[in-house]
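# Examination of the molecular architecture
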Number of protein chains: 2
Amino acid sequence: MQTQIFMVHKRHLGLRAPTVLAVGFALTILVGALVLMLPVSAADGQITPFLDALFTAASASCVTGLVTVSTAVHWSVFGKCVILLLIQIGGLGFMSVAAIASFVLRRTITLHERMVMSAGLNLSDGGGIVRLTRRVLFGTFIIEGTGAVLLSCRFVPHYGFPKGITMGVFHAVSAFCNAGFDLMGTPDDPFQSLIGWAEDPLVNITLMALIVLGGLGFFVWSDVWDKHSFCRLRLHTKIVLTATAGLLLFGFGWTLLFEWSNPATLGAFDTPHKLLAAAFESVTLRTAGFNTIDLGALTGPSQAVSCLLMFIGGSPGSTAGGIKTVTAAVLVLTAISAFCGRTTVSAFGRTIAPRSIMNAVTLLMAGGVLCLVGACAIAGIEDAPFHQCLFEAVSAFGTVGVSMGLTPTLAAASRVILIVMMYMGRVGVLTLGVAVFMRRREPPRLKYPDADVFIG
Amino acid sequence: MQTQIFMVHKRHLGLRAPTVLAVGFALTILVGALVLMLPVSAADGQITPFLDALFTAASASCVTGLVTVSTAVHWSVFGKCVILLLIQIGGLGFMSVAAIASFVLRRTITLHERMVMSAGLNLSDGGGIVRLTRRVLFGTFIIEGTGAVLLSCRFVPHYGFPKGITMGVFHAVSAFCNAGFDLMGTPDDPFQSLIGWAEDPLVNITLMALIVLGGLGFFVWSDVWDKHSFCRLRLHTKIVLTATAGLLLFGFGWTLLFEWSNPATLGAFDTPHKLLAAAFESVTLRTAGFNTIDLGALTGPSQAVSCLLMFIGGSPGSTAGGIKTVTAAVLVLTAISAFCGRTTVSAFGRTIAPRSIMNAVTLLMAGGVLCLVGACAIAGIEDAPFHQCLFEAVSAFGTVGVSMGLTPTLAAASRVILIVMMYMGRVGVLTLGVAVFMRRREPPRLKYPDADVFIG
Ligand SMILES: [K+]
Ligand SMILES: [K+]
């Protein structure tokens, strides 16, 4: 009897957590949009149209970086602070923010709150959540601070004293949260991102380091912090580190291969800067959203692989969207195992549970359908080439935020589609699926007899 | 001891069958190419360049239908007969052809031959293979004959007596084998396919029926022939029929939605002919390769979904390439099960074995990588938009054979890439993988402890 009550209770909490997360994100976006509409948020002191404010709030909260108005030009200092706050909330997960509040109020954190935070960070259990949250906040502060100092070294000489510091802080936070928002736009060239800084090693390397650290995920930091040898890391951490390194190298090599002699992108640089720009491109496409080269001028193969990298995105429990590195790794490992004639999938001396393979397939299918339907809907609404629509849709789903320049010209319906895709990409297709479909868990079913089907 | 010897023996056969199939297909293509090079094969009595002959032989044997020279214009009657023979060999699988030979020679069919044929038809066991082969040949003859008679009713009045009959036979065989070769080209318009017959219901419906029957696969016919109620069919048959119906309806609806008012495609027709052309488009993209509308003029969303349908292709054990309907069905069922919180995947009251899910993931990954790499390589070689290169690459992998018009203008290297992709699409990525990688089976490994990873 005791056990049964506990189970009901636990199930209840486990089901509520994704719902709380989904609703919480939606509320954050809505409140952010209302604040951004205020005249005080805009540089010209006018009311910002609701859809532009909603798009910006969604893009900031979902750490995407797609924008319909230039961040630097349109918003006042207050508006920029609101955006930065939304980025920080979205980046750390609003669950961590709720935890701060409870720390501040000196309240004891309840089991229920632990479960909710656990879902917010994509962790499977609530153990150690308080310790982890404290670490997350501390680590974030240290890393963002260091990044801001390094960036200011370059920005202060260029922009003068007070502006250079704020530029450094804003871009450090935006890079670490993989948000992709920048303040580089000018009234003449409102959406230039970091193209002007393409050949500056300090700015590029600092931003890359911030982006990669932010994209690894809280859980990975904590594990690396606790253990001091690769062998003793958790399976999850090993897969994330290996997959991240592999994807970064792949994107770097591919960009060099197909852009080396493209005069509109890498072709304009000398060899060291070609390498720097290709590395930045590889890092930023994973989920960050800055760009130092004109993405609309990429060759076809680069655009295709860009979409693939954006679709995969970063790692679970990080600021990234997309289907996540671990999902891609599980799918690749499954394929390799089948080719080798094995009946189970293993990595680093562990068998990957069939349930994980099912989830990976689910994310791939759901993400693929979402991106395809989104891109087709936008292509049906706009008079734009399909590959541009697909690029923006995948950029939104992966919460990457790079653009071929289509977003600022989109019709209202297309903007709403991108808002929905950013939201689904950030909250997570599985989390949303659980929140919507699993109102109550199905009773355990009889297991049907097994049957083979002929594949291929 | 007895058991052990039998197992070794069986394993030996099981491994050799895919190798025999892979090598046999390659030899068929090579011999076909050499015959097509002969002056007697060309309409102008000249030697055909090796690469054109190889491409045509590969396209015919792999029942693809991509061509670099116009089938109607370039080849003599003898050359066309060689192509038809290659289509028939490729369509039935050369294993069935070997079985005919053994019937003719009145030899007893050996266990080894059974295993080889079994692999050729993508069947998992050798039982009933002789009965099945007899049925396949008889059924093929009846269906192709009926189709030829119906087509001739239209073609004889149009082309005159002897030519109309040969046109009827050629197109019936080509449609049933899902080969996509046609004889409609003229010196002025060498690659028009069936655009001239877009508004003829008899031709369209006959071809659609032939294509769908051919694309279901021998195994499905046999099962439907044996049982007389849907409930008693094998799981494989149920999934194939459901998935085929679903994909056809999806393609039909999608084409209507995005092409209804496109003046370059459906927009030119009245409503009944719009429906007819959309239905034909949906059927042909699955793996057939005829076209009655200009595919280069499709809207972006239609092109994207065309690529998707071509990538999925037909059903296992049929004349189709691609990753196959059953693979797609298993992936979709897996996603649905995960969303519903189930830990196993079931269909029609049977649990789908985890091994089948692994194979489905493997095919998806291998096919995706193959198409992406092929398209990028072609895009790197040619000066053509990426989406056209991708379309031709997926068309080759799915052995569909529709084209946006790029293939006849391709450089030698790109043609070789397409030949390799047609070959891999037809022989099957898994079959090739087993033939190449599984030279010997790994000893059974210790099962590692299970571990969950965080997906999403
Ligand atoms: K981003
Ligand atoms: K075909």
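Residues numbered from 1 in each chain as written. Chains lettered and ligands numbered in written order. Predicted model: local features only at pLDDT ≥ 70, side-chain atom pairs only at ≥ 80, totals over all residues. Heavy atoms only, no water.

## Let's talk about the overall build of chain A
Note the following rule: Helix and strand assignments follow DSSP, with helices taken as H or I runs no shorter than four residues and strands as E runs no shorter than two, numbered in order from the N terminus. Summary of the burial criterion: residues with accessible area below 20% of their type's maximum are buried, those above 50% are exposed, and those between are partly exposed, where the area comes from a 1.4 Å probe applied to protein chains only. By definition, residues are in contact when any of their heavy atoms lie within 4.5 Å. Only the protein chains shown count as cover for residues, and all accessible areas are computed by the Shrake-Rupley method using a 1.4 Å probe.
Helix and strand content of chain A: 18 helices and three strands. Counting only residues that meet the buried cut, chain A has 58% of its 456 residues in that class. Considering only contacts in chain A between residues 6 or more positions apart, those separated by 24 or more positions represent 68%. Counting only carbon and sulfur atoms, one obtains 69% of the accessible surface of chain A, whose full area is about 18400 Å².

## As for the nonpolar core
The following threshold applies: Grouping buried Ala, Val, Leu, Ile, Met, Phe, Trp, Tyr and Cys residues that are joined through side-chain atoms within 4.5 Å yields what is termed a nonpolar core.
Counting 248 residues, the largest nonpolar core has Ile 87 of chain A together with Ile 87 of chain B as its most contacted members. Those residues in contact with Ile 87 of chain B that sit more than four places away from it in its chain are Ala 60, Val 63, Val 173, Cys 177, Ala 179 and Phe 181 of chain B.

## Considering the packing of aromatic side chains
Residue and element names in this part refer to chain A. Put simply, the test is: Aromatic rings from Phe, Tyr and Trp, taking only the six-membered ring of Trp, are treated as a pair when their centres fall within 6.5 Å; an angle between ring planes under 30 degrees marks them as stacked, one over 60 as edge-to-face, and anything in between as tilted. Each ring is checked for a lysine NZ or an arginine CZ that lies within 6 Å of its centre and within 35 degrees of its normal; such an atom marks a charge sitting over the ring.
Inspection of the entire model under this criterion finds eight aromatic pairs over all chains. Judged by centre distance (5.5 Å) and plane angle (50°), the ring pair of Phe 250 and Trp 254 falls under tilted. Taken as a pair, Phe 250 and Trp 254 lie in helix 11 (residues 235-259) at a separation of four residues, close to a single helical turn. Since its relative accessible area comes to 34%, Phe 250 is described here as partly exposed. Judged by its relative accessible area of 14%, Trp 254 is buried. In textbook terms, an aromatic cluster arises when at least three aromatic residues are bridged by ring pairs, as seen for Phe 250, Trp 254 and Phe 258. Note that Lys 274 overlies the ring of Trp 260, its terminal NZ or CZ placed 4.8 Å from the centroid.

## What about a nonpolar patch on the surface?
Residue and element names in this part refer to chain A. Our working definition: Nonpolar side chains (Val, Leu, Ile, Met, Phe, Trp, Tyr) within 5 Å and like charges within 9 Å form the patches, drawn only from residues with over 30% relative accessible area and no salt bridge. A pairing counts as a salt bridge when a side-chain nitrogen of Lys or Arg comes within 4 Å of a carboxyl oxygen of Asp or Glu.
Together, Leu 30, Leu 34 and Phe 50 make up an exposed nonpolar region whose accessible area comes to about 270 Å². Assignment of secondary structure puts Phe 50 in helix 2 (residues 50-61). In this structure Phe 50 comes out as partly exposed when scored by relative accessible area, which is 38%.

## Thoughts on the packing of helix 15 (residues 354-381) of chain A against helix 16 (residues 386-397) of chain A
Residue and element names in this part refer to chain A. What counts is decided by this rule: Between N-to-C directions, angles span 0 to 180 degrees; the directions come from axes that are lines fitted to C-alpha atoms, helices contributing only their stretch in contact. Any angle from 65 to 115 degrees is called roughly perpendicular, while one under 35 is roughly parallel, one over 145 is roughly antiparallel, and all others are oblique. If you view the pair so one helix is near and one far, a crossing is left-handed when the near helix is turned anticlockwise from the far one by less than a right angle, and right-handed when it is turned clockwise. Classification convention: Asp, Glu, Lys, Arg as charged; Ala, Val, Leu, Ile, Met, Phe, Trp, Tyr, Cys, Pro as nonpolar; all other residues, Gly among them, as polar.
For the pair helix 15 and helix 16, the least separation of the axes is 8 Å and the interaxial angle reads 135°. In terms of axis orientation, helix 15 runs oblique to helix 16. For helix 15 against helix 16, the interelement crossing comes out right-handed. Contacts between helix 15 and helix 16 involve Gly 367, Leu 370, Cys 371, Gly 374, Ala 375, Cys 376, Ile 378 and Ala 379 from the former and Phe 386, Cys 389, Leu 390, Ala 393, Val 394 and Phe 397 from the latter. Residue composition of the contact of helix 15 with helix 16, grouped by class: twelve nonpolar, two polar and no charged.

## Some details on the pattern of salt bridges
For the coordinates displayed, the defined rule picks out four salt bridges over all chains. Between Arg 415 of chain A and Asp 52 of chain A there is a salt bridge whose closest N-O contact spans 2.6 Å. Separated by 363 residues along the polypeptide, Arg 415 of chain A in helix 17 (residues 412-427) and Asp 52 of chain A in helix 2 bring together distant segments of the chain. The residue Arg 154 of chain B makes a salt bridge to Asp 200 of chain B at a minimum N-O spacing of 2.6 Å. Of this pair, Arg 154 of chain B sits in helix 7 (residues 129-159) while Asp 200 of chain B is found in the loop between helix 8 (161-176) and helix 9 (201-216), placing the two residues 46 residues apart along the sequence. Look at Asp 200 of chain B and you get buried, because its relative accessible area is 11%.

## Digging into unusual backbone geometry
With a phi close to 85°, Lys 324 of chain A is a non-glycine residue in the positive phi region. Within the element layout of this structure, Lys 324 of chain A appears in the loop between helix 13 (300-312) and helix 14 (325-339). For Asn 178 of chain B, which is not glycine, the phi dihedral falls at a positive 55°. Under the relative-accessibility criterion, Asn 178 of chain B is labelled buried at 0%.

## Digging into the environment of Val 240 of chain B
All names here are of chain B. With respect to the secondary-structure elements, Val 240 resides in helix 11 (residues 235-259). Residue Val 240 is classed as buried on the basis of its relative accessible area, which comes to 0%. Taking the C-alpha atoms as reference, Val 240 lies 9.8 Å from Thr 327; in sequence the two are 87 residues apart. Apart from the residues lying within four places of it in its own chain, the contact partners of Val 240 are Leu 216, Val 220, Ser 315, Pro 316, Thr 325 and Val 326.

## Considering the packing of helix 2 (residues 50-61) of chain B against helix 4 (residues 77-92) of chain B
Helices that pack against each other are described as a pair by the angle of their axes relative to one another and the distance between those axes. All names here are of chain B. It is at 7 Å that the axes of helix 2 and helix 4 come closest, and there the two elements cross at 40°. The pairing of helix 2 with helix 4 is recorded here as oblique in orientation. Contacts between helix 2 and helix 4 involve Thr 56, Ala 57, Ala 60 and Ser 61 from the former and Ile 83, Leu 86, Ile 87 and Gly 90 from the latter. Across the contact of helix 2 with helix 4, the residue classes tally to five nonpolar, three polar and no charged.

## A closer look at helix 16 (residues 386-397) of chain B
All names here are of chain B. As a reminder of what qualifies: Here a helix's expected span is defined as the number of its residues, less one, multiplied by 1.5 Å.
The end-to-end C-alpha distance of helix 16 is 16 Å, a good match for the 16 Å that twelve residues give at a rise of 1.5 Å each. When you tally the buried positions in helix 16, you get nine out of twelve residues, the bulk of the element. Three or more residues of helix 16 are buried, namely Phe 386, Cys 389, Phe 391, Glu 392, Ala 393, Val 394, Ser 395, Ala 396 and Phe 397. Phi turns positive, to about 45°, at Thr 399, one or two residues after helix 16.

## Details of the confidence of the model for chain A
All names here are of chain A. Note the following rule: Here pLDDT means the predictor's own confidence in every residue, given as a number from 0 to 100.
Averaged over every residue, the pLDDT of chain A is 79; residues scoring 70 or more account for 81%. Under a pLDDT of 50 for its full length, residues 1-15 has, in the predicted model, nine contacts with residues more than four places off or in other chains. Counting contacts from residues 122-127, a segment whose pLDDT is below 50, to residues more than four positions away or on other chains yields 15 contacts.

## Description of helix 12 (residues 271-288) of chain B
Along an α-helix, a turn takes 3.6 residues, which lines up residues three or four apart on a common side. Residue and element names in this part refer to chain B. Its 18 residues place the ends of helix 12 24 Å apart at the C-alpha level, agreeing with the 26 Å of an ideal helix rising 1.5 Å per residue. Burial runs high along helix 12: 14 of the 18 residues are buried. Gly 289 occupies a position one or two residues after helix 12 and carries a positive phi of about 100°.

## Description of the state of the cysteines
Residue and element names in this part refer to chain B. How we decide: Here, a disulfide means two cysteine sulfur atoms that sit within 2.5 Å of each other.
Applying the stated criterion across every chain yields a total of zero disulfides over all chains. The structure places no disulfide on Cys 371, whose sulfur is separated from the nearest cysteine sulfur, that of Cys 307, by 8.5 Å. When its relative accessible area of 4% is taken as the criterion, Cys 371 is described as buried.

## A look at the environment of Gly 267 of chain A
Residue and element names in this part refer to chain A. Tracing the backbone through its elements, the reader meets Gly 267 in the loop between helix 11 and helix 12 (271-288). Classification of Gly 267 by relative accessible area gives partly exposed; the value is 31%. Along the primary structure Gly 267 and Leu 256 are separated by eleven residues, whereas in three dimensions their C-alpha atoms are 10.0 Å apart. Those residues within four positions of Gly 267 in sequence are excluded, and the remaining contacts are Glu 259, Trp 260, Ser 261, Asn 262 and Lys 274.

## Describing the side chain of Ser 414 of chain A
All names here are of chain A. Using the following cut-off: Counting of polar contacts relies on pairs of N or O atoms within 3.5 Å, with two restrictions inside protein: one atom must be capable of donating a hydrogen and the other of accepting it, and residues adjacent in sequence are counted only when both atoms are side-chain atoms.
Its location among the elements puts Ser 414 in helix 17. A residue is classified by how much of its surface remains accessible, and Ser 414, at 0% relative accessible area, is buried. For Ser 414, the side chain forms a polar contact with the side chain of Glu 382, separated by 2.5 Å. The contacts of Ser 414, once residues within four sequence positions are left out, are Ile 378, Ile 381 and Glu 382.

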